[in-house]
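# Analysis of the macromolecular model
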Amino acid sequence: MQFDNSLSFGQQLDKADPLKDFRNRFIIPSINSKEQIYFLGNSLGLQPKKAKEELNKILDQWGQYGVEGFFKGDQPWIDYHDQLTEPLAEIVGALPHEISVMNQLTVNLHLMMVSFYQPKGKRNKIICEAKAFPSDQYMFETHVKHYGLNPDEIIIEVHPRKNEHTIRLEDILQTIEQHRDELALVFWGGVNYYSGQLFDMKTISFAAQEAGAKVGFDLAHAAGNVPLELHNWNIDFACWCSYKYLNAGPGAVGAVYIHERYHNDTGIPRYAGWWGYDKATRFKMEKGFKPIPTAEGWQLSTPSFLSLALQKASLKIFEEAGWKNILVKQKLLNKYLWFLLDGINSGFSKKIIEIITPRKEEERGCQVSLLMTERGKEIFDALSKAGVMADWREPNVIRIAPVALYNTYEEVWHFANILKGIISSQS
Ligand SMILES: Cc1ncc(COP(=O)(O)O)c(C=O)c1O
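Criteria and cut-off values
- Residue numbers restart at each chain and count upward from 1, following the sequence in its written direction.
- Whole-chain, interface and lining totals are the exception, using all residues; otherwise, since this is a predicted model, local features are given only for residues with pLDDT of at least 70 and side-chain atom pairs are given and counted only at 80 or more.
- Where side-chain values are given, they derive from all heavy atoms of the structure, hydrogens and water being excluded.
- Definition of nearness: a residue and a molecule or strand are near each other if at least one heavy atom of the residue lies within 4 Å of the molecule or strand.
- Between N or O atoms, a polar contact is any pair within 3.5 Å; within protein, one atom must be a potential hydrogen donor and the other a potential acceptor, and residues adjacent in sequence are included only when both atoms are from side chains.
- The method behind every accessible area is Shrake-Rupley, applied with a 1.4 Å probe, and residues are considered shielded solely by the protein chains displayed.
- Residues are grouped as follows: Ala, Val, Leu, Ile, Met, Phe, Trp, Tyr, Cys and Pro are nonpolar; Asp, Glu, Lys and Arg are charged; all remaining types, including Gly, are polar.
- Under the DSSP-based scheme used, a helix requires at least four consecutive residues in state H or I and a strand at least two consecutive residues in state E, with every element numbered from the N terminus.
- The classification of residues rests on relative accessible area computed with a 1.4 Å probe and restricted to protein chains. Under 20% of the type maximum is buried, over 50% is exposed, and intermediate values are partly exposed.
- Contacts are assigned to residue pairs with any non-hydrogen atoms lying within 4.5 Å of each other.
- Axes here refer to lines fitted to C-alpha atoms; in helices the fit is confined to the stretch in contact. Angles between the N-to-C directions go from 0 to 180 degrees.
- For classification, angles of less than 35 degrees are called roughly parallel, those exceeding 145 degrees roughly antiparallel, those between 65 and 115 degrees roughly perpendicular, and all remaining angles oblique.
- Helix crossings get a hand from a simple test, with the near helix turned counterclockwise from the far one by less than a right angle marking a left-handed crossing and a clockwise turn marking a right-handed one.
- Put simply, buried Ala, Val, Leu, Ile, Met, Phe, Trp, Tyr and Cys residues joined by side-chain atoms within 4.5 Å make one nonpolar core.
- Centres within 6.5 Å are what make two rings of Phe, Tyr or Trp a pair, Trp counting through its six-membered ring; a difference in plane orientation under 30 degrees is then read as stacked, over 60 as edge-to-face, and the rest as tilted.
- A ring is scored as having a charge over it whenever the NZ atom of a lysine or the CZ atom of an arginine sits within 6 Å of its centre and within 35 degrees of its normal.
- The length a helix should cover is 1.5 Å for every residue beyond the first.
- The arc under discussion is defined with respect to the helix axis, by the directions toward the C-beta atoms.

### Section: the site of the ligand
Residues in close proximity to the ligand include Leu105, Thr106, Phe133, Asp136, Asp218, Ala220, His221, Tyr243 and Lys244, which together make up its full environment. One nitrogen or oxygen atom from the side chain of Asp218 is found 2.6 Å from a nitrogen atom belonging to the ligand. In isolation the ligand has 400 Å² of accessible area, and contact with the protein removes 81% of it. Residue composition of the shell around the ligand, grouped by class: four nonpolar, two polar and three charged.

Next up, the structure:
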């Protein structure tokens, strides 16, 4: 598609957008009675208008039945989470029984490390991305120390090359190859939280397994953002949170994917809890853990049904809009944003914005990370004042992530226009 930089072109794109009505399903935050340009899908997705309704259903059921709400009412709580697994399986490319909606992301990462990081002799190394999200780094440290090993010797980080901001696939593969006889685990973020780089998870997964290692992904910035085929890529495990692109509310319940080949493996180490116990006999309360032979066998506790209800409200919108349609719009919205950003840069003699997200379409999702070569914080503050909700990452990066379900092409145009105005007035 040939873009042009007029406002009317953005408006035409909105007119032709088959998903345009879905914006009305969300509450758009306002400042001074004006809707914000909310580009924080990478941080906290917006509230579906039906979220309260779904919450109230849980509260009403509790009010009406008390504890019997587990087994009575329109949606008994005992298997309430089953409603979420099909839509999530579609989004992450898994089989429904490979998904378990439970806990929160950091907790799930630890649970997965218990099962999938098994250092044996010299096969004890972990390969990961440099500057992984802090929780991931602390999680590696915890488990390495738990085995009495030294994190400095065990954890191998792959860095961007000098003067580059993203990590090259060839460097990841070369590191895997170099350590192939001593690798226990390759663990990666699907999309890097800082740069927005989308990694080639399929290639990383097959290379890790070919080297005899387990492979897992943190999909916090990937789930609901980019196409995923966890099962077909033969990934061992993955975890994600649901409050970013999945719009399930602050601190929402997260989820794990565990490949089905592990479901009947009763020998795999895991932390066990009663909610993961064989459903038919759970209430006999007997000794000896007998896991549900699906990803649900990794559940520990009674879920927070209020949190599940919020996620249900959001996933209903994903189902209605259609995941494939969402991806098509996300791509076009993102391309349009890049086109306008390139236009801003070409209008100044000095490059004020360096886009550190990869330019190749297959290496990025909704997020674009703008490294400001000067006056970054001032520009960010001016954007906020003008009603653009972006986020700031030290030392000099503004992250934005317009998403398909509630952002418009016109908003992207206004954002670019405001940014250009701020840069011009400060140049
Ligand atoms: C990549 C990544 N991993 C882990 C986390 C931690 O998530 P939680 O606070 O839900 O445990 C985050 C939070 O933003 C994240 O972005």
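### What about the side chain of Lys329?
As for its position among the elements, Lys329 is in helix α10 (residues 323–346). Overall, Lys329 belongs to the buried group, its relative accessible area being 5%. Excluding residues within four positions of it along the chain, Lys329 makes contact with Asp17, Leu19, Ala404, Asn407 and Tyr409.

### Here we look at the packing of helix α3 (residues 82–92) against helix α9 (residues 305–321)
The N-to-C vectors of α3 and α9 enclose an angle of 50°; their axes lie 10 Å apart at closest approach. The angle between α3 and α9 falls in the class oblique. The chirality of how α3 crosses α9 is left-handed. Of α9, the residues touching α3 (which contributes Gln83, Leu84, Pro87, Leu88 and Ile91) are Leu308, Gln311, Lys312, Leu315, Phe318 and Glu319. Here the residues of the contact of α3 with α9 are counted per class, giving seven nonpolar, two polar and two charged.

### Regarding the nonpolar core
By size, the foremost hydrophobic cluster in this structure holds 70 residues, and its most contacted members are Val186, Trp188 and Trp240. The element that contributes the greatest number of residues to this core is α9, accounting for seven residues. Of all hydrophobic cores here, the second largest spans 35 residues; its members include Leu13, Leu341, Ile352 and Val388.

### Describing the packing of aromatic side chains
The full count for this structure, using the stated rule, is 27 aromatic pairs. An angle of 25° between the planes, with centres 5.9 Å apart, marks the rings of Phe187 and Phe237 as stacked. Taken together, the residues Phe187 in strand β9 (residues 183–189) and Phe237 in strand β11 (residues 237–240) connect sequence positions 50 residues apart. No difference in accessibility class separates Phe187 from Phe237, as the two residues are buried. Site record: aromatic cluster; members linked through ring pairs are Phe70, Phe71, Trp77, Tyr80, Trp274, Trp275, Phe283 and Phe305. Above the plane of the ring of Trp298 lies Arg270, whose end atom (NZ or CZ) is 3.9 Å from the centre.

### Comments concerning α9
Since the α-helix packs 3.6 residues into each turn, any two residues three or four apart lie on the same face. Its 17 residues give α9 an end-to-end C-alpha distance of 24 Å, which sits within 8% of 24 Å, the value for a rise of 1.5 Å per residue. Of all the positions in α9, only Phe305, Ser307, Leu308, Ala309, Gln311, Lys312, Ala313, Ser314, Leu315, Ile317, Phe318 and Ala321 are classed as buried. Its buried side turned inward, α9 meets β1 (26–27), β5 (47–48), α2 (51–65), α3, β6 (99–101) and α10. Two residues or fewer after α9 comes Gly322, characterised by a positive phi angle close to 90°.

### Some details on helix α5 (residues 134–146)
Here α5 contains 13 residues, and its C-alpha end-to-end distance of 18 Å stays within 8% of the 18 Å for a straight helix at 1.5 Å per residue. For α5, the set of buried residues is Ser135, Asp136, Met139, Phe140, His143 and Val144. Within α5, the buried residues cover an arc of 160° as seen down the axis, which keeps them to one side. Exposed and oriented more than 90 degrees from the buried face of α5 are Tyr138 and Lys145. Contact partners of the buried residues in α5: α4 (105–116), β7 (125–129), α6 (151–154), β8 (155–158), β9 and β10 (214–218). After α5 finishes, the residue Gly148 shows a positive phi value of roughly 75°.

Purely geometric numbers; function is a separate question.
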